[in-house]
Amino acid sequence: MLLIRGTAGGTAVTGTLYEPGEEPPEFKGAPDEGTPYVWVCDAFYEVESGGQVQSIGDREIRIAFESPMPRGFETRDAAIDAAKEHVRTQFARLGVAGETVDVTVQQAETA
């Protein structure tokens, strides 16, 4: 299992990439069972009211979350590339330029 984390403006978002032999969470919209790599991460966007207050850089905004939508991939490289793009896109939805997002990939610690 890999953790793919994007940081920018003093905040972060982390998603999980499940690799072959690992069991991703099951919920509506999950990819076919035959997909060897499964990416799961929150999606969010800025709202005028409601949502949760989040500090990004020198401003406070309100964000609302969408249900996580798992995505399946045939190769590890394709999954990692898509995960990095997803993380950058979430920040872009909040007005943070994608090139300013620092994305890291790390092996998750297992218990």
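In what follows, the accompanying structure is described. On a predicted model such as this, the values are computed, not experimentally measured, just so you know. (Residues numbered from 1 in each chain as written. Predicted model: local features only at pLDDT ≥ 70, side-chain atom pairs only at ≥ 80, totals over all residues. Heavy atoms only, no water.)

**Looking at the side chain of Thr 35**
Put simply, the test is: Each helix corresponds to a stretch of at least 4 residues labelled H or I by DSSP, and each strand to a stretch of at least 2 residues labelled E; elements are numbered beginning at the N terminus. Exposure classes here rest on a 1.4 Å probe applied to the protein chains alone. A residue is buried below 20% of its type maximum, exposed above 50%, and partly exposed in between. Contact between two residues is taken to exist if any of their heavy atoms lie within 4.5 Å; hydrogens are not considered.
Along the chain, the position of Thr 35 falls in the loop between β2 (11–18) and β3 (37–40). Its relative accessible area of 16% is what places Thr 35 among the buried residues. For Thr 35, the residues in contact, after removing those within four places along its chain, are Gly 72, Phe 73 and Glu 74.

**Section: the environment of Pro 68**
Mapped onto the secondary structure, Pro 68 falls in the loop between β6 (59–66) and β7 (71–73). With 38 residues separating them along the chain, Pro 68 and Gln 106 place their C-alpha atoms 20 Å apart.

**A closer look at the sheet that holds strand β8 (residues 102–107)**
As a general point, the strands of a sheet are linked pairwise by backbone hydrogen bonds and lie either parallel or antiparallel. Selection rule: Two strands make a pair as long as DSSP finds a minimum of two bridges between them. Axes here mean lines fitted to C-alpha atoms, for a helix over just the part in contact, with angles spanning 0 to 180 degrees between N-to-C directions.
A sheet is described by the order of its strands in space; here five strands give the open sequence β7-β3-β2-β1-β8, paired in antiparallel fashion. A strand with exactly one partner marks an edge of an open sheet, and here the two such strands are β7 and β8. The sheet shows a mean angle of 25° between the axes of neighbouring strands, taken without regard to direction. Two strands pair when backbone bridges link them, and β3 and β7 are joined in this way by three bridges, in the antiparallel orientation. Residue Trp 39 lies in a different strand from β7, and its bridge partner there is Arg 71. Sheet strands in contact with helix α1 (residues 76–92) are β1 (2–8), β2, β3, β7 and β8, and its direction is about 30° off that of β1.

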